[in-house]
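# Architecture and fold: a report
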Amino acid sequence: MFLSIQDNENDAVILLYNSDRMCYIVRKKYEGKRKMNRGQAKGAKLRERLIGDKAFYAEVVAVVVPIIIQNTVSNVVSLLDNVMVGRVGTLQMSAVAIVNQLLFVFNLCIFGGLAGAGIFATQYAGAEDDRGVRDCFRIKWMIALAMFVCALGVFLGFPKKLIGMYLAEGTAGADAAATLTYSLDYLYVMLWGLLPFAVSQVYASTLREVGETRLPMFASVVAILINLVFNYFLIFGKCGFPKLGVTGAAIATVLSRYVETTIIIVYTHAKSSRFPFILGAYRKLCVPMPLLKNVFVRGMPLLVNEFLWSLGMAVLLQCYSVRGLDVVAASNIASTVSNLFKVVFLSMGNAVAIMVGQALGADDVERAKNCTWRLMVLAVGSNLIMGTMLALLAPVIPEIYNTEPHVRAIATKLLYVVAVFMPAYSFSHCCYFTLRSGGRTMITFFFDSVFTWGVNVSVAWVLAYKTNMDIVPLYFCVQALEMIKVFIGFILVKKGVWIHNIVTPVAKEEKAELSA
């Protein structure tokens, strides 16, 4: 049998000589089209997974932009503060950097301590359960006060030992003594700001979890501007104020924290109709035992994680400080400058926590998956741009510091290293918040702090104490380890180990307890 078939799509002629052959060719052609259609469907699904629509990006903008503005203003002012203190002297700048690194541990412990309750609060907000959010708010108060008391005891009990860890053995005696004195002056004033900081985080974190990011942004911007103005007045003794140097910088920071806390508290209670969780929040302090138990179980790994991670960062700086106080000053410059360029991916982490957490709380798994991958793509893409900008400006920004040329040169080289790894930082940061949003806190503990101590700190210690490697290649080697974390994070997120609704089981436990 002879048969001619015209294929209009491929512009080809098929000759068929018998029925068996015709069946074979027609079937083969059909399967080819089906494979092509499957491939197109997979491509469309991948695009949908990685690229959102206008509504999605509008939601991202609403959540992220206020946080970016807040963080940007905060880091710009931190940069200006740093420059002002640097103009007083390199030793003073090193002293402030050491104390701020120690206080960073407290700050991260507050974030970690509140994060456990925050995971539940975010999912309660997604389920529109105001009572659940209110109970989480009360738990945060308990945690914040406990953390404040512990921190006060540590900083008042061992200030010289803590600061002395950063003074390298080779440092001149006079320089070490002066740095210790400046550090103690700065620390004792900064301790007055621990309580308002903790309280502001209790309110601000809960507000973000229910979707309100503008109020924390406004309060923070006002406080930051006050900090900037009074830094100028009190560090240099302008407009009739005394010239207090590093002590003046501490006073300005503490004052700004009280202002920020006051704004957030007053506005939240004045607009209680917008924030129903605050209604009756102080009528009683008791919370359902099942929720308290679950927050403790899931929150304790986060608290320990943030403590160990922040302590790991402090130990890394201590390892770098083995190369001298000049390295401490250069590292401080590089950290302050790079934080200004990291605001995008740090804010994207908050977006992941809020948007993915609320989707999981609403039992919308598909939306949670889409949010995760779309935000990761957005974070990595935006930080390719931010990393490029940092690399271009790295030789310029350190020049505004009134310090030795070789300190500025080291800072510039460290900034180049940070710029290279900016996309990697952003990806692993989003992975961390994705894992955390589903309550997988033990996994986040291993992913974050165990990796930091087992890999980063271990490598840094060996290179700092067992080799004569210069600070720049040493720093590069430590930062390059982030690529291992990126690989691990990708596998964990792709496997979906984070997909978990944690508030529905708790609600069932509470109902069972009430009916018993």
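Everything quoted here is computed from the prediction, not taken from an experiment.

Another aspect to go through is the overall build of the protein. Counting its regular elements, the protein contains 19 helices and two strands. Considering the protein as a whole, with its 516 residues, one finds that 53% of them fall into the buried category. In the protein, of all internal contacts separated by at least 6 residues, the share reaching a separation of at least 24 is 81%. Carbon and sulfur atoms make up 66% of the accessible area of the protein, which totals about 23,200 Å².

Here we take up the pattern of salt bridges. Inspection of every chain in the model, using the stated rule, returns eight salt bridges. For Arg138, the salt bridge is made with Asp135, and the minimal N-O distance between the two is 3.1 Å. Taken together, the positions of Arg138 and Asp135, both in helix H4 (residues 130-157) and three residues apart, correspond to about one turn of that helix. The exposure classification of Arg138 matches that of Asp135, with both residues buried. Glu212 is the salt-bridge partner of Arg274, the closest N and O atoms lying 2.6 Å from each other.

Throughout the structure, instances matching the rule amount to 20 aromatic pairs. Judged by centre distance (6.2 Å) and plane angle (50 degrees), the rings of Phe106 and Phe197 are tilted. Highlighted residues: Phe106 in helix H3 (residues 90-126) and Phe197 in helix H7 (residues 194-209), separated in sequence by 91 residues. With respect to class, Phe106 is no different from Phe197; both count as buried. Relative to Phe433, the ring of Tyr432 has its centre 5.2 Å away and its plane inclined at 85 degrees; by these criteria the two rings are edge-to-face.

For helix H11 (residues 325-341), which comprises 17 residues, the first-to-last C-alpha distance of 25 Å matches the rise-based estimate of 24 Å (1.5 Å per residue) to within 8%. Across the 17 residues of H11, 14 count as buried, placing the element largely inside the fold.

Turning next to the confidence of the model for the protein. Looking at the protein as a whole, its pLDDT mean stands at 83, while 86% of the residues score no less than 70. Within the protein, strand E2 (residues 12-16) has the poorest average pLDDT of any element, 45, and helix H17 (residues 471-480) the best, 94. This model gives residues 1-26 a pLDDT under 50, and the stretch forms 29 contacts once residues within four places in sequence are excluded.

Moving on: H7. The α-helix winds at 3.6 residues per turn, so residues separated by three or four positions along the chain end up facing the same way. In a regular helix each residue adds 1.5 Å, so 16 residues correspond to 22 Å; H7 covers 23 Å between its end C-alpha atoms and thus fits that length. Across the 16 residues of H7, 15 count as buried, placing the element largely inside the fold. After H7 finishes, the residue Gly211 shows a positive phi value of roughly 100 degrees.

Thresholds, definitions, all that
- Note that residues are indexed from 1 along each chain, following the sequence as it is written.
- In keeping with the model being predicted, local features are shown solely for residues with a pLDDT of at least 70 and side-chain atom pairs are shown and tallied solely at 80 or more, while totals for entire chains, interfaces and linings include all residues.
- Heavy atoms from the whole structure form the basis of all side-chain values; hydrogens and water molecules are not counted.
- We count a stretch as a helix when DSSP gives it H or I for four or more residues in a row; a strand needs E for two or more, and each element gets its number in order from the N terminus.
- Relative accessible area decides the class of each residue, using a 1.4 Å probe on protein chains only: under 20% of the type maximum gives buried, over 50% gives exposed, and in between gives partly exposed.
- Contact definition: two residues touch when any of their heavy atoms are within 4.5 Å.
- Per-residue and other accessible areas follow the Shrake-Rupley method at a 1.4 Å probe size, with only the shown protein chains counted as cover for residues.
- Whenever Lys or Arg places a side-chain nitrogen within 4 Å of a carboxyl oxygen from Asp or Glu, that contact is recorded as a salt bridge.
- Between rings of Phe, Tyr and Trp, where Trp is taken as its six-membered ring, a pair exists when centres lie within 6.5 Å; planes separated by under 30 degrees are stacked, by over 60 edge-to-face, and by other angles tilted.
- Working rule for helices: expected span equals 1.5 Å times residues minus one.
- The predictor attaches a confidence to each residue, called pLDDT, with possible values from 0 through 100.

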